[in-house]
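# Residue-level structural notes
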Amino acid sequence: MSSPSGRVNPALIGMLEQIKKATEELPKASRRMMALTGVGWSPDKLVKVVVGPRGQLADIDIDPRVFRKPDAAALQAAILAASREAVIDINQQREEIMAGQFPADMTSLQHEMRSNESDTIGKLMNRLDADIYAEGKDDR
């Protein structure tokens, strides 16, 4: 941290100042994140899902055309697909807000660490509770 002469490394001071600024901005970032919504559409564009800031279902819009050929399984799949897209959307928005909070060096380090984890974290973050539930359903 300090050089042989006893002085603190200027790069370290700069990084600490950036971290301090980011920390001071966290309440503002938190408010921005709590105002987010994520939107997802089914592949056929007949189902639209909106999730709130925590990824919970906030609204669903089902085009009446889905009832022309009633198919409960297809409707369920469409809702889950749209939900998945909405969760991915909200997670990307949150990530963008948080990336703007920290120094570029820290953001690039974070991306490097994620790429070394076989994107396990990314896969987990974008999984729906419904997917996890379905995987365990056979075990019940």
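Heads up: the structure comes first, above all this text.
One structure accompanies this document, and this report is about it. (Residues numbered from 1 in each chain as written. Predicted model: local features only at pLDDT ≥ 70, side-chain atom pairs only at ≥ 80, totals over all residues. Heavy atoms only, no water.)

Our next topic: the side chain of Ser42. Its location among the elements puts Ser42 in the loop between strand 1 (38-41) and strand 2 (47-51). There is a polar contact of 2.5 Å between the side chain of Ser42 and the side chain of Asp44. The contact partners of Ser42, leaving out residues within four places of it in the chain, are Val47, Ala78 and Ala82. (Helix = DSSP H or I, 4+ residues; strand = E, 2+ residues; numbered from the N terminus. Polar contact = N/O pair within 3.5 Å; in protein donor to acceptor, adjacent residues only side chain to side chain. Contact = heavy atoms within 4.5 Å.)

For the rest of this paragraph, the subject is unusual backbone geometry. The phi dihedral of Lys45 falls on the positive side, at around 65 degrees, and the residue is not glycine. Within the element layout of this structure, Lys45 appears in the loop between strand 1 and strand 2. Given a relative accessible area of 52%, Lys45 falls into the exposed group. (Buried < 20%, exposed > 50% of the residue type's maximum accessible area, 1.4 Å probe, protein only.)

Moving on: the pattern of salt bridges. Enumeration over the complete set of coordinates arrives at one salt bridge. Of the charged contacts, one joins Asp63 and Arg65 as a salt bridge, the two residues approaching to 2.9 Å between their closest N and O atoms. (Salt bridge = Lys/Arg side-chain N within 4 Å of Asp/Glu carboxyl O.)

Taken in spatial order, the three strands of this open sheet run 1-2-3, and their pairing is antiparallel. If you trace the sheet from one side to the other, it starts and ends with strand 1 and strand 3 (57-62), each paired once. Across the sheet, the mean angle separating the axes of adjacent strands is 15 degrees when strand polarity is ignored. In this structure, strand 1 lies alongside strand 2, joined through four bridges in antiparallel fashion. Its bridge partner lying in strand 2, Gly40 is registered against Val49. Packed on one face of the sheet, helix 2 (residues 72-99) meets strand 1, strand 2 and strand 3 and runs near 145 degrees to strand 1. (Pairing = 2+ DSSP bridges. Axes fitted to C-alpha atoms, helices over the stretch in contact; angles between N-to-C directions.)

Limitation: the analysis is restricted to geometry and does not speak to function.
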